[in-house]
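# Commentary on secondary and tertiary structure
Given next are the chains, with one letter for each unit.
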2 protein chains.
Amino acid sequence: MDARENAAQAVDVTAANECAIARVLACKPRLVAVRPALEVVPGMRPELVLHAAPPAPVEELSAPLRAGIAGAAEFEGLGREQVELGAAQDHGSMAGGAGAITASTPVVVVEDESSGRRAFHFLMEGFGRSLILGMTGEDVFERLRWLRGEAAAALDVALGQLGGIDCEEIVIEALRRGDELHNRNAAATSMLAERLAPGLARAGIAAEVQERLFAFLRGNPQFFVAVSLATSKLMLDAGHGVEGSTLVTAVGANGRDCGIKVSGLGDRWFTAPAQVPEGVLMEGFGPADAGPGCGDSLLVECAGLGASVLPAAPALWPLLGVDQREAVRIHERAAQIAIAEHPRYVVPALGDRGAPVGVDLMLVVETGISPVIDIVMLHREAGRGMIGFGLTSPPMGCFEQAAEAVGARL
Amino acid sequence: MDARENAAQAVDVTAANECAIARVLACKPRLVAVRPALEVVPGMRPELVLHAAPPAPVEELSAPLRAGIAGAAEFEGLGREQVELGAAQDHGSMAGGAGAITASTPVVVVEDESSGRRAFHFLMEGFGRSLILGMTGEDVFERLRWLRGEAAAALDVALGQLGGIDCEEIVIEALRRGDELHNRNAAATSMLAERLAPGLARAGIAAEVQERLFAFLRGNPQFFVAVSLATSKLMLDAGHGVEGSTLVTAVGANGRDCGIKVSGLGDRWFTAPAQVPEGVLMEGFGPADAGPGCGDSLLVECAGLGASVLPAAPALWPLLGVDQREAVRIHERAAQIAIAEHPRYVVPALGDRGAPVGVDLMLVVETGISPVIDIVMLHREAGRGMIGFGLTSPPMGCFEQAAEAVGARL
C-alpha cells in the first residue's frame, strides 16, 4: 500500500467515524416503560438467560456470574438443564455486575425518540445482599418479588401516564449535581423519583405502594444506573454497523474474559482475559479476594460517562481512592482516545467541557491508552458479593485483535 | 489595661465564642410545617410587614424593597397608612431579596429538634416576575394565590404526615450534589420533592394538585432557599446572646444599609451603607443599573454555606463570573474569619473539609476580610427585578462599629 492509498483509507475511517459518532450524538433517550423482558427484548425466549458479555459456555464464566445466573434461573423457575445462555448486549440489552435477564424479568425500556430503537436493563436491586451481586436466599427473593411485582407495575403505569421521562435531560443535570452516572447516580435517582411522583399520583397508585417505592428509591441511590446503562447501550448501538468505522460499540466482562465489538466489524466479539480491578476494599477483604471485572457496565465509560467524567463526581473519589488531580488525569486520558466531545453532556467543574464520547479503537492502539472504568469489585468466590469500588480497563489484547481485523478488512 | 488583663480577656472571648459555636453546631434543623406567619412568627400582628434587615423608616429603604413591601401589603389587603414595618430577623424570621412577610403569608417552619426553637421564611416564588423581586401585577398575584393557598396547604399537610423532614440531611447531601445552598439549591429542591412525595400520597392530596406542585418545584430549583435561609437563621440564633462572644449572628441589607448583630452585643444593629454587588449581568443591563445589596440571605454565608463553600457548586461559577481558583480562594478567605469548620457540612471537592461556620467579628477587623456573599443582583429602580448574579460583602463599617462596642463593653 503506498502513501496515497494510506491517506485515502485514513480519510475513509475518519469519515466513517464521523458518521458513526453523529448517529451516537443524535440519540435522544427516553425512559418509556418497565416491561417483562419476554415482551420487549429482541430474541427473548422462556429458557434464555442473558448475562454480561462476552458470550461464553457456562463453565467459562466466573463463579459469581454462574451464581447470579443460577439464582436468576431459580427465581424464574427454570431447571438447570433448561437454561440457555446469551450475552445481553447481543440482544439490545445490558446486564450489570453478576445480574441476569430472564423472560419474566422486568426491564427498563429506553427508547430513542427519533428512531424508535430501544435498549433494556433489569431494575437495579441495590447493593448489600442482592441477586445482581450473585447472591440468593429468601431475603433476596422477597425483595425481588416486590421489586419485580408491585414496584415494576407501578413504575410502568406511572411512565405510561407521563408519556415517558427524558433521560438525556436527567443525565445533563446529574453531571451538574455530582453524578458520573456509573457508580454515582444519587442525583439522577432523586430526579427520577421527582419526575415519577406526578405520574404515580395521576395513575392513582395506592399510598402504601408509593411510600414503599419512594423509600426504596431513597435507600437505593444507584437505582438510576439501570437507565444509565440502557442509555449508554442505546447511544452506542446507534453507531454500530458503519462500514469502516473503528468506534467501539460494545464492551463487557464476564468475570473471566473481557470483550469488545467494533462498529465496522460486525457482530464479532474480540476477547482477552479480564483484568482484576484495583481500588478501595471494604473492611475484612484483601486484594487477593478480588475477582476479574464482571458486568456490562464497562460500556458507560465508552459513552462518555463514568470515569470518563470523574471530575464531575467528587463524592465518588474517596471510594475509588483517587484525588482531584487523578480524576482530571483519567478524564484527560479518556479524551485522548475519544472521537468527540459530547455537545450536551458537559462538566461544570471542567469549564463545561464536553464528555469524551466514543472510544476509537485505533486511538487506543496508537496511544496505548485503554478506557478507564470505575467499577464495583466482586469477590472472586460466589455468594460473597461486593468487596469495594475500583478502577479497571479492558485488556489491550481486545483492541489489538480488533485492530488486526480492521487491517485484514481494508 | 495591662498584658495580663488583655490575655485574660482574650481567653474569655475565646471561651465565649467556643460556647456560642457549640450551640450553633448542636442545632438540628427540621422542616415541620408551612403556616401563616400570624400563627407562628413571634410578635406578628395584622398590620406588621417584615422585610430584610436592618430595620429602617420606609423612606430609607431602597425603591425595590419599598415596592416589595407595598405589593405585599396590597396582597394582604392592608392600606398604606396601616402598614407597620419591622426587620424579619428581629422576629426569628428571614426575608430574602425584596420579599416581605405579612400576617397571612405562609412561612416554612424550621425547628431545632433538640431545643424546639424555630425560624421562618416565606415560600420561594421563583425568579422571573415575582413579588420577592419587588414586582406586582395580576400574573404575579395569581401564582401567589395558588402558592399561598392550595400549595401551602398541601405542603403543610404532607409535612404533618411525615412528621417533618430532616433539613440537615438534605444540606449535607446537597453539598455532595453541586449546591452551595444560597443561589444554587437545585439538588436540595429535588430531594425535598422526593421526600414530600410519600407525604402527599399518604395525605391523599388530589392528583391535579400534586401535579401542579411537582411541576412548580421542577420549574423553581431555588425553592429550597427558603429552608436554607430559615436553617441559617436557626443555627446562628442558637449562638446569640452569649456574653463576650464576638460571633456575628445576624446580617442583612435593606437596599440602602447593611447591618449586623453580634452574639454578645444584644439586639443592636451595627449599620453602614450597603455595597453594590458586582457580577454577571443579564443581557440589556449595565453596572449602573445595579442597586445596593438587598435581602436577609447574606446570613447564609455566615452559617458556612453559599459562597463560603463555593467550590461545592461548579455549575454556579459562570453565573457569578468566577472560576475554580477564585471559588477556592473565596472559601479560604471565609475560613480565615470563621470560628469553626462544620463537622457535618463537608465539601467533597475539598477533600471533605468542613464548611467555615460562624464569622468572628474580631477576625474580620484584624484581617480586613469581610464575608463574601453570592447574591441576586436587583435593578436599582422598582419593578425591574433581577439583573444578574454577583458577589458582595457587608461593609467594613458594620464590623468596625461593632468592634468599638465590644471594646467599650469590656
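These figures come from a predicted structure and were not determined experimentally.

### What to know about the overall build of chain A
Scanning chain A for helices and strands turns up 13 helices and 16 strands. A compact globule built from 410 residues would reach a C-alpha radius of gyration of about 22 Å, and chain A, at 20 Å, matches this within 12%. Summarising its shape, the C-alpha atoms of chain A cover approximately 70 × 45 × 40 Å along the three principal directions. A burial count over chain A gives 59% of its 410 residues as buried. Taking as baseline every contact in chain A between residues at least 6 positions apart, the subset at least 24 positions apart corresponds to 75%.

### Examining the confidence of the model for chain A
Summing up the model confidence of chain A, the mean pLDDT is 96 and the portion of residues at 70 or higher is 97%. Scoring of the predicted complex yields 0.96 for pTM and 0.95 for ipTM.

### What to know about the interface of chain A and chain B
Contact with chain A, which involves 24 residues of that partner, is made by 24 residues of chain B. The set of elements that each furnish at least two residues to the side of chain A that touches chain B consists of α6 (186–202) and α7 (207–218) of chain A.

### Quick look at the packing of helix α4 (residues 138–162) of chain B against helix α6 (residues 186–202) of chain B
Residues and elements named next belong to chain B. Contact geometry of α4 with α6 gives a least axis separation of 8 Å together with a crossing angle of 95°. The orientation of α4 relative to α6 falls into the category roughly perpendicular. In this structure, α4 uses Ala154, Leu155, Ala158, Leu159, Gln161 and Leu162 to contact α6, whose residues at the interface are Leu196, Gly199, Leu200 and Arg202. Here the contact of α4 with α6 is built from residues that sort into seven nonpolar, two polar and one charged.

### Overview of helix α3 (residues 63–76) of chain B
Between its terminal C-alpha atoms α3 of chain B stretches 20 Å, which fits the 20 Å expected from 14 residues at 1.5 Å a residue. The inward-facing, buried residues of α3 of chain B contact β2 (48–51), β8 (248–254), β12 (294–295) and β15 (373–378) of chain B.

### Side note on the domain arrangement of chain A
Residue and element names in this part refer to chain A. Split into domains, chain A comes out as domain 1 (10–228) and domain 2 (245–409). Using only C-alpha atoms to locate each centre, domain 1 and domain 2 end up separated by 20 Å. For the side of domain 1 that touches domain 2, the secondary structure elements donating two or more residues are α1 (3–26), α3 (63–76) and α5 (167–175). Tallying contributions element by element places α1 first for the side of domain 1 that touches domain 2, with eight residues. Split into classes, the residues belonging to the side of domain 1 that touches domain 2 amount to 29 nonpolar, 11 polar and eight charged.

### Concerning the environment of Val110 of chain B
All names here are of chain B. Within the element layout of this structure, Val110 appears in strand β5 (residues 106–112). Judged by the 30 C-beta atoms lying within 10 Å of it, Val110 falls in the buried class. Contact partners of Val110, with chain neighbours within four places excluded, come to Pro29, Arg30, Leu31, Arg118, Ala119, Cys167, Val227, Ala230, Thr231 and Leu234.

### Observations regarding the environment of Asp112 of chain A
All names here are of chain A. Here Asp112 lies in strand β5 (residues 106–112). The class of Asp112 is buried, set by 20 C-beta atoms lying within 10 Å. It is 7.2 Å that separates the C-alpha atoms of Asp112 and Leu234, two residues lying 122 residues apart in sequence. Beyond its immediate sequence surroundings of up to four residues, Asp112 is in contact with Cys27, Lys28, Pro29, Arg117, Leu234 and Ala238.

### Let's talk about the sheet that holds strand β6 (residues 118–122) of chain A
Residues and elements named next belong to chain A. With mixed pairing, the five strands of this open sheet are ordered in space as β4-β6-β5-β1-β7. What marks the edges here is a single partner per strand, and that holds for β4 (93–94) and β7 (165–166). Sheet topology note: the β5/β6 ladder contains five bridges and is antiparallel. Note on β6: the bridge partner recorded for Val109 is Phe120.

### Some thoughts on the nonpolar core
Val108, Ala226, Ala230 and Leu299 of chain A together with Val108, Ala226 and Ala230 of chain B are the most contacted members of the largest nonpolar core, which has 287 residues in total. Discounting residues that sit within four places of it in the chain, Ala226 of chain A has contacts with Val108, His121, Phe122, Leu123 and Met124 of chain A.

### Here's the deal with the packing of α5 of chain A against α6 of chain A
Residues and elements named next belong to chain A. Contact pair α5 / α6: the axes reach a minimum separation of 9 Å and the direction vectors enclose 135°. Here α5 lies oblique to α6, going by the angle between them. The handedness of the crossing between α5 and α6 is right-handed. Residues Ile170, Glu173 and Ala174 of α5 lie in contact with α6, whose contacting residues are Ala187, Ala188, Met191 and Leu192.

### Here we look at the sheet that holds β5 of chain B
Residues and elements named next belong to chain B. Sheet architecture is open: five strands sit in the order β4-β6-β5-β1-β7, paired in mixed fashion. Bordering the open sheet on either side are β4 (93–94) and β7 (165–166), each of which pairs with just one other strand. In the sheet, strand β1 (residues 29–36) pairs with β5 via seven bridges, with the strands oriented antiparallel. Within the sheet, the bridge partner assigned to Ala33 lies in β5 and is Val109.

### What to know about the relation of the copies chain A and chain B
Screw-axis analysis of chain A against chain B gives a translation of 0.0 Å along the axis, an RMSD of 0.0 Å, and a rotation angle of 180°. Classification of the inter-copy transformation places it as that of a two-fold axis. Judged by C-alpha distance, Arg177 of chain A is the residue of chain A that lies nearest the rotation axis, at 2.1 Å. The overlap is high: 100% of the interface residues of chain A also sit at the interface in chain B, so the same surface is used on both sides.

### Quick word on helix α5 (residues 167–175) of chain B
Among the residues of α5 of chain B, those classed as buried are Cys167, Ile170, Val171, Ala174 and Leu175 of chain B. Buried residues of α5 of chain B fall within an arc of 130° about the axis and therefore sit on the same side.

### Quick word on unusual backbone geometry
Pro54 of chain A follows Ala53 of chain A through a cis peptide bond whose omega is -5°. By the secondary structure assignment, Pro54 of chain A is in the loop between β2 (48–51) and α3. Its identity as a non-glycine residue notwithstanding, Leu181 of chain A has a phi of 75°, on the positive side. For Leu181 of chain A, the position within the fold is in the loop between α5 and α6. Residue classification places Leu181 of chain A among the buried positions, given that 31 C-beta atoms sit within 10 Å. Despite not being glycine, Asp352 of chain B has its phi angle at roughly 60°, a positive value. With respect to the helices and strands, Asp352 of chain B occurs in the loop between β13 (338–347) and β14 (353–359). On the basis of neighbour count, Asp352 of chain B is assigned to the partly exposed category, with 14 C-beta atoms found within 10 Å.

Scoring rules and cut-offs
- Residues numbered from 1 in each chain as written.
- Chains lettered and ligands numbered in written order.
- Predicted model: local features only at pLDDT ≥ 70, side-chain atom pairs only at ≥ 80, totals over all residues.
- Helix = DSSP H or I, 4+ residues; strand = E, 2+ residues; numbered from the N terminus.
- Rg over C-alpha atoms; globule rule 2.2 N^0.38 Å.
- Buried ≥ 20, exposed ≤ 12 C-beta atoms within 10 Å, placed from the backbone.
- Contact = placed C-beta atoms within 7 Å.
- pLDDT = per-residue confidence, 0-100.
- Axes fitted to C-alpha atoms, helices over the stretch in contact; angles between N-to-C directions.
- Parallel < 35°, antiparallel > 145°, perpendicular 65-115°, else oblique.
- Nonpolar A, V, L, I, M, F, W, Y, C, P; charged D, E, K, R; others polar.
- Expected span 1.5 Å × (residues − 1).
- Domains from an automatic or database assignment.
- Pairing = 2+ DSSP bridges.
- Core = buried A, V, L, I, M, F, W, Y, C linked by C-beta atoms within 7 Å.
- Left-handed = near helix turned anticlockwise from the far one by under 90°.
- Least-squares fit on C-alpha atoms with pLDDT ≥ 70 in both.
- Arc of directions from axis to C-beta.

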